[in-house]
Each structure stands twice: as C-alpha cells, then as structure tokens.
Amino acid sequence: MTAVREENGTWTSQFWYKDIYGKRKRKCKRGFGTKVDAEAFELDYSRYESTPELFEVVGFGADDAPRGFKGIPFVNRYDHEGDYSWSGNNYIDADTCRIAPRE
C-alpha cells in the first residue's frame, strides 16, 4: 500500500489499478487525516474498480412491473423462486451502469 505523509501532516493515497477493460490506471487522493484512512481508501477503491459485480440482463419490465418500471431492463441479481422481475432493485433505472464486454 502506498500511503505517504505530506509536509502539511495529511496523508496521500497513490496507487495503480486495472479497470474492467484491463487497462492500467493511476489514482491519487490527498487530504486523509490518518494513514489507516488512506490505506482503506485504496483497498475500497481498487476492490470496486477492478472487480465489479456483473449481472446479465434477463428481461424487460412488463405492465405489472414494480414502481412503474415498464419496459426497463432488469438483471439477475435478487432471485425469488426463479423470478427476477419482482424486485425493484433488479431494474436498471440510472445512467450509471457499465456495459462489460462479453467473454
């Protein structure tokens, strides 16, 4: 782990990680109060960025979809006896999802 103490007394976390496409990227964040906070940021960030959870789109919301998700795609995350459409948390309702390449 690469936590470095700066001259002003704060800690900086600087490290390399691989994104979901396998490209090597550098991340630097400054201003942590303790070394533990800087190291925890590195662990959390690299764990999130390098190994995202991938879910397959298994269908689209029907007329009776929860919270009005009609026509919105849903993924195979929360199962209810083989039915993924029952949970509103399975629906992709934001522009923040990532599309991963097929393997």
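Given the structure is predicted, the values throughout are model-derived calculations rather than measurements. (Residues numbered from 1 in each chain as written. Predicted model: local features only at pLDDT ≥ 70, side-chain atom pairs only at ≥ 80, totals over all residues. Heavy atoms only, no water.)

Novice: Let's hear about the packing of aromatic side chains: which residues, and what values?
Specialist: Scanning the entire structure with this criterion turns up 8 aromatic pairs. On the basis of an interplanar angle of 65° and a centroid distance of 6.0 Å, the ring pair of phenylalanine 15 and tyrosine 45 is categorised as edge-to-face. A residue pair is termed long-range when its members are at least 10 positions apart, and phenylalanine 15 in strand E2 (residues 11-18) and tyrosine 45 in helix H1 (residues 35-50) qualify at 30 residues. Grouping residues by exposure puts phenylalanine 15 and tyrosine 45 together as buried. Seen in terms of ring centroids, phenylalanine 74 and tyrosine 91 are 5.2 Å apart; in terms of plane orientation they differ by 55°. Their pairing is tilted. Note that phenylalanine 74 is positioned in strand E5 (residues 73-75) and tyrosine 91 in the segment after E5, a separation of 17 residues in sequence. By relative accessible area, which is 4% here, tyrosine 91 ends up buried. Ring pairing ties together the aromatic residues Phe15, Tyr17, Phe32, Phe41 and Tyr45, which thus form one cluster. (Phe/Tyr/Trp six-rings, centres within 6.5 Å; stacked < 30°, edge-to-face > 60°. Helix = DSSP H or I, 4+ residues; strand = E, 2+ residues; numbered from the N terminus. Buried < 20%, exposed > 50% of the residue type's maximum accessible area, 1.4 Å probe, protein only.)

Novice: Run through the sheet that holds strand E3 (residues 24-32), naming residues and quoting values.
Specialist: On the basis of which strands lie adjacent, the open sheet formed by 3 strands has the order E1-E2-E3 and antiparallel pairing. The sheet is open, and its two edges are formed by strand E1 (3-5) and E3, each paired on a single side. Taking the axes of each pair of neighbouring strands and ignoring which way they run, one obtains an average angle of 20° across the sheet. Relative to E3, E2 runs antiparallel, the two sharing 8 bridges. (Pairing = 2+ DSSP bridges. Axes fitted to C-alpha atoms, helices over the stretch in contact; angles between N-to-C directions.)

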